[in-house]
Amino acid sequence: MPTALITGITGQDGSYLAEHLLDLGHEVVGVVRHSSSEPPPRIEHLRDRIELAGADLFDQTSLLNVIDRYQPDEVYNLAAQSFVPASWQQPILTGEVTGLGVTRLLEAVRLSRPEARVYQASSSEMFGKVHEVPQTERTPFYPRSPYGVAKLYGHWIAVNYRESYGMHVCSGILFNHESPRRSTEFVSRKISYRVAQIKHGLAHELRLGNLDARRDWGYAPDYVRAMALMLQQPEPRDYVVASGETHAVREFCELAFATAGLDWTDFVISDPALLRPADVDLLVGDATLARTELGWEPTVSFRELVRLMVEADLALVETEVGRGLAPPASIPRR
Ligand code: NAP
Ligand code: G4F
């Protein structure tokens, strides 16, 4: 049974990846940073099937200790400060965790378990102000946020450890992927959760920033399958993972409100305070390499994704209302 170590296991992707690797017969060790709050909800259902180890991407010794102790066959580095707007508020923290944290983890692997296969969670944000459409593994990068810049550092240091030390390191350049487990600060879930609140009479408006931004949105469980497939290849390399379709934020709104029988124009307000200092206007990926070499295919279309997210939030808010837990309309204004 191979042992897989996942940083960021408490996040959206980490929880789905842990489920997928357990299904494949892996032992799963999740890296969690110290917290004074309750156990992380996204992995509560997996607690008796996985091991958790304390470490932080800020802290070299803690990473070295977990690699030393578990001697993983596969390491998935999903941990990051991953919210783009927060990267302008905390550019140094973002650089430390999302960028330099990759080097700390790679160093720990190099020193203690150099034969382990490593997956680095790179991002389509690295394409930023895009140089070509669609974007492939060969498209030049032009990041537009401190987050994008930090991810680009992480990407190149991953490539560098592969080339310098012959380590089996893959970088997955993943386009946006969403699910009912997405945090409500990201636009997809901010919309689907607010639609459900509005439907239940708990809110009356949705304030958004750039409605014209276009993203290539997919379904997170499909995308974690691609991560695992990358580490099964005989030779390490980088892959774009994307649906190949692009849609504007306003289309997401239109479909999401329609799913609940509502007209989005009655509720959505475009708020200049939510615009970013610099945005990424258009992302659309070409995942031909992942499809041909990995045999990867997405199973959920954009339309299905929006519907499943709204239906999940309608059910969630209904349960919250039933238990008297319905929170005030308090989606973060960012
Ligand atoms: P997410 O939900 O924001 O999860 C981030 C994870 O990183 C959480 O488990 C978080 O732990 C952990 N983390 C943050 N700072 C840490 C630190 N200093 N040390 C250790 N762990 C730390 O992100 P996601 O959507 O699952 O994305 C997974 C990865 O893929 C991220 O690297 C993201 O940048 C990248 N990515 C995501 C997408 C996407 O569309 N989702 C696309 C491309 C790339 P806590 O629970 O303790 O906060
Ligand atoms: O959902 P978002 O915050 O995701 P973003 O910035 O594309 O980043 C996500 O995908 C990246 C992959 O490309 C990941 F690397 C990253 O970690 C993260 O998972 O915003 C999507 C678009 C943006 O153009 C933003 O300006 O939606 C626009 N938007 C419009 N109104 C909004 C809002 N975004 C948010 N979060 N909140 C709004 O009110």
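Residues numbered from 1 in each chain as written. Chains lettered and ligands numbered in written order. Predicted model: local features only at pLDDT ≥ 70, side-chain atom pairs only at ≥ 80, totals over all residues. Heavy atoms only, no water.

Quick look at the nonpolar core
Right, so step 1: Membership of the largest hydrophobic core comes to 34 residues, with the highest contact counts inside it found for Ile6, Tyr76, Tyr119 and Met230.
Right, so step 2: Listing elements by their share of this core, those giving two or more residues are strand E1 (3-7), helix H1 (12-23), strand E2 (27-32), strand E5 (117-123), strand E6 (168-174), helix H7 (220-230), strand E11 (239-241) and helix H9 (288-294).
Right, so step 3: With 7 residues, H7 is the single largest residue contributor to this core.
Right, so step 4: If near-sequence neighbours (up to four positions away) are discounted, Met230 is found in contact with Tyr119, Cys170, Gly172, Leu174, Tyr239, Val241 and Leu294.
Right, so step 5: Membership of the second largest hydrophobic core comes to 31 residues, among which are Tyr193, Ala213, Phe252 and Ala256. (Core = buried A, V, L, I, M, F, W, Y, C linked by side-chain atoms within 4.5 Å. Buried < 20%, exposed > 50% of the residue type's maximum accessible area, 1.4 Å probe, protein only. Helix = DSSP H or I, 4+ residues; strand = E, 2+ residues; numbered from the N terminus. Contact = heavy atoms within 4.5 Å.)

Digging into the domain arrangement of the chain
Many analyses report the size of an interface as the accessible area lost when the parts associate.
Right, so step 1: Each assigned domain of the chain is listed with its residue range as follows: domain 1 (3-178 + 219-241) and domain 2 (187-215 + 245-282 + 300-322).
Right, so step 2: Each side of the interface is counted separately: domain 1 has 13 residues, and domain 2 has 12 residues.
Right, so step 3: Contact between domain 1 and domain 2 buries roughly 1200 Å² in total, counting both sides, with carbon and sulfur atoms accounting for 62%.
Right, so step 4: Contact with domain 2 buries surface across domain 1, with Arg144, Glu178 and Tyr219 losing the most and accounting together for 43% of the total.
Right, so step 5: Along the contact surface separating domain 1 from domain 2 lie 1 salt bridge.
Right, so step 6: A salt bridge links Arg215 to Glu125; its shortest N-O distance comes to 3.8 Å. (Domains from an automatic or database assignment. Buried area = accessible area lost by both parts, 1.4 Å probe. Salt bridge = Lys/Arg side-chain N within 4 Å of Asp/Glu carboxyl O.)

Things to note about the site of ligand 2
Right, so step 1: Taken together, 23 residues lie near ligand 2, and Ser123, Ser124, Tyr147, Arg276 and Asp279 sit nearest.
Right, so step 2: A distance of 2.8 Å separates a nitrogen atom of ligand 2 from a polar backbone atom of Gly209.
Right, so step 3: Within the contact set of ligand 2, an oxygen atom lies 2.8 Å away from a side-chain nitrogen or oxygen of Arg215.
Right, so step 4: With the chains in place, 96% of the 720 Å² that ligand 2 exposes on its own is no longer accessible.
Right, so step 5: When grouped by side-chain class, the residues that make up the shell around ligand 2 number 9 nonpolar, 6 polar and 8 charged. (Near = heavy atom within 4 Å. Polar contact = N/O pair within 3.5 Å; in protein donor to acceptor, adjacent residues only side chain to side chain. Areas by Shrake-Rupley, 256 points an atom, 1.4 Å probe, with all protein chains shown as cover. Nonpolar A, V, L, I, M, F, W, Y, C, P; charged D, E, K, R; others polar.)

Some details on the site of ligand 1
Right, so step 1: Around ligand 1, the structure places 23 residues, and the nearest of them are Thr10, Arg33, Asp56, Ser82 and Tyr147.
Right, so step 2: Contacts to ligand 1 include Thr10, whose side-chain N or O atom sits 2.5 Å from an oxygen atom.
Right, so step 3: Considered on its own, ligand 1 offers 900 Å² of accessible surface; in the complex 86% of this is hidden by protein.
Right, so step 4: Elements that contribute at least two residues to the shell around ligand 1 include exactly H1, E5 and helix H5 (146-165).
Right, so step 5: The element contributing the most residues to the shell around ligand 1 is E5, with 3 residues.
Right, so step 6: Of the residues belonging to the shell around ligand 1, the class tally is 9 nonpolar, 9 polar and 5 charged.

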